[in-house]
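Tertiary structure, described
What follows is the residue order along each chain.
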Amino acid sequence: MADQISNNNGTAYENHDGVVVNLKPCHDILPIVGDQNSPDRDPSSDVCFSVPFFQKIFAEGIGTFFLIFAGCAAIEVNLSNEEVVTLPGIAIVWGLAVMIMVYTVGHISGCHLNPAVTMAFASCGRFPLKQVPAYISAQLLGSILAIGTLRLTFEGAKHDHFLGSTPSGSNMQSLVLEFIITFYLMFVVSGVATDNRAIGELAGLAIGSTIIVNILYAGPISGCSMNPARSLGPAIVYNHYEGVWIYMVGPTCGAIAGAWAYNLIRFTDKPLREITKSGSFLRSSGRNGSK
């Protein structure tokens, strides 16, 4: 029989060959997006100009390119073909694109795809400050390339549609709305993707659904950017900067406020069993994870 050794990290067993196998508890859900305090995080990933760091930057650029290309392509097709996609269709495309990228590159870069999200995580100590400029540069470059590709692809269209964000009402109305919807998005991101007590596997679904809901009611008013890169990329490509400050200030302030608001309710001494005992779905998931 193997000898059992208890330690602070779990239970270890030493076999007859002298090999110690450390078994950690498996019921804790680790964050998959943005949380740089994860116990499985590689410390070397914090070092700039390392291979893991460049992998993160490349993943952010590719992810942002895919997100902006898919979402803005739906807008272009809708404008060019008598609104065949419709507002609900556009919302679904944006939501699904984010969900796909969360599950594709979330474990590599955190899948921020949004300078406001990156700055919000950095403001509350969940992302290294020294990596913020590189992340934002990759996100902005991905957005510019995506919009540039779309403009070249639809160059033969009858009208050259501006694919950026423009307020349909007053600037103040759009500014307030962008703050609120980005606050809502960041609050959800912080809850499902950075809290060990949450079901991390559902992060992509929850975040994508939040984006769909936001676009359905805010899209016709402010354009529902929630993302400075999504608005600044088209502004640069089309050289159209009218009202772009709204989509820099509103989403950034909203994301920071959303991240800090969740931090205020994050801390608790209650065990996971007590927190989830009232929800049948969460309770069943907890039992499966503890086996």
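Here the residue numbers are simple positions, counted from 1 along each chain's written sequence. It should be noted that, the model being predicted, local features are given only for residues of pLDDT at least 70 and side-chain atom pairs only at 80 or more, the latter also being counted only at that level, while totals for whole chains, interfaces and linings use all residues. Only heavy atoms go into the side-chain values, all of them from the structure, while hydrogens and water stay out.

Glancing now at empty space enclosed by the protein. For each structure, a 1 Å grid was placed over the protein atoms alone; sets of points admitting a 1.4 Å probe that cannot get out are labelled cavities, open sets with protein on both sides within 12 Å along at least five of seven lines are labelled pockets, and lining residues have an atom within 4 Å of a point. Grid points are joined across faces, edges and corners, and a volume is the space filled by probe spheres set on the points. Enumeration according to the criterion identifies one cavity of 30 Å³ or more in this entry. Volume-wise, the largest cavity comes out at about 30 Å³. If you trace the largest cavity, you find it lined by Glu76, Leu150, Arg151, Phe154, Asp160, His161, Leu163 and Tyr238. Looking at the lining of the largest cavity, its residues break down into four nonpolar, one polar and three charged. Note on residue classes: Ala, Val, Leu, Ile, Met, Phe, Trp, Tyr, Cys and Pro are nonpolar, Asp, Glu, Lys and Arg are charged, and everything else, Gly too, is polar.

For the rest of this paragraph, the subject is a nonpolar patch on the surface. Candidate patch residues must exceed 30% relative accessible area and have no salt bridge, after which like charges are joined if within 9 Å and Val, Leu, Ile, Met, Phe, Trp or Tyr side chains if within 5 Å. Each accessible area is a Shrake-Rupley result for a 1.4 Å probe, and residues are judged covered by the shown protein chains and nothing else. In what follows, salt bridge is the name for a side-chain nitrogen of Lys or Arg lying within 4 Å of a carboxyl oxygen of Asp or Glu. A grouping of Phe66, Ile92, Leu96 and Ile100 is seen on the molecular surface, where their side chains present a nonpolar patch of about 320 Å² in accessible area. In terms of residue count, the dominant contributor to the nonpolar patch is helix α2 (residues 86–109) (three residues). The way it works is that DSSP assigns letters per residue, a run of H or I at least four long becomes a helix, a run of E at least two long becomes a strand, and they are numbered from the N terminus. Position of Phe66 among the secondary structure elements: in helix α1 (residues 51–80). You can call Phe66 partly exposed: its relative accessible area is 34%. When accessible area is computed with a 1.4 Å probe and restricted to protein chains, residues below 20% of their type maximum are described as buried, those above 50% as exposed, and intermediate ones as partly exposed.

What follows covers the UniProt feature "transmembrane region" (unreviewed entry) in the protein chain. Annotation from UniProt places "transmembrane region" (unreviewed entry) at residues 57–79, 91–113, 134–154, 174–193, 202–223 and 243–265. Across residues 57–79, the secondary structure splits into 100% helix and 0% strand, with the terminal C-alpha atoms separated by 33 Å. Within residues 134–154, the helical portion is 95% and the strand portion 0%, while the C-alpha atoms at the span's ends are 30 Å from each other. UniProt positions are given in the numbering used here, feature names are shortened, and annotations may be inferred rather than shown by experiment.

Below, the discussion takes up the pattern of salt bridges. Per the stated rule, a full pass over the model turns up one salt bridge. Salt-bridge contacts for Arg197 lead to Asp195; the nearest nitrogen and oxygen are separated by 2.6 Å. Residue classification places Arg197 among the partly exposed positions, given a relative accessible area of 27%.

Further remarks concern the packing of helix α7 (residues 228–238) against helix α8 (residues 246–266). Direction vectors running N to C along α7 and α8 enclose 170°, while the axes themselves pass 9 Å from each other. Put simply, α7 runs roughly antiparallel to α8. Note on element contacts: α8 touches α7 through Tyr247, Met248, Pro251 and Thr252, opposite Pro228, Ser231 and Leu232. Looking at the contact of α7 with α8 residue by residue, the classes come out as five nonpolar, two polar and no charged. For every element, the axis is a line fit to its C-alpha atoms; helices are fit only across the contacting stretch, and the angle between N-to-C directions ranges from 0 to 180 degrees. The scheme is simple: roughly parallel for angles under 35 degrees, roughly antiparallel for over 145, roughly perpendicular for 65 to 115, oblique for anything else. It only takes one pair of heavy atoms within 4.5 Å for two residues to be counted as in contact.

On to the environment of Glu242, then. Within the secondary structure layout, Glu242 lies in the loop between α7 and α8. Each C-alpha atom of the pair Glu242 and Pro167 lies 9.6 Å from the other, and the pair is 75 residues apart in sequence.

Another point: the nonpolar core. Trp94, Met186 and Ile211 are the most contacted members of the largest nonpolar core, which totals 52 residues. Every element with two or more residues in this core is listed here: α1, α2, α3 (115–123), α4 (132–153), α5 (171–193), α6 (203–222) and α8. Residue contributions to this core peak at 10 residues, all from α1. Apart from the residues within four sequence positions on either side, Ile211 is in contact with Trp94, Gly95, Val98, Leu185 and Met226. The criterion is simple. A nonpolar core is a set of buried Ala, Val, Leu, Ile, Met, Phe, Trp, Tyr and Cys residues joined through side-chain atoms within 4.5 Å.

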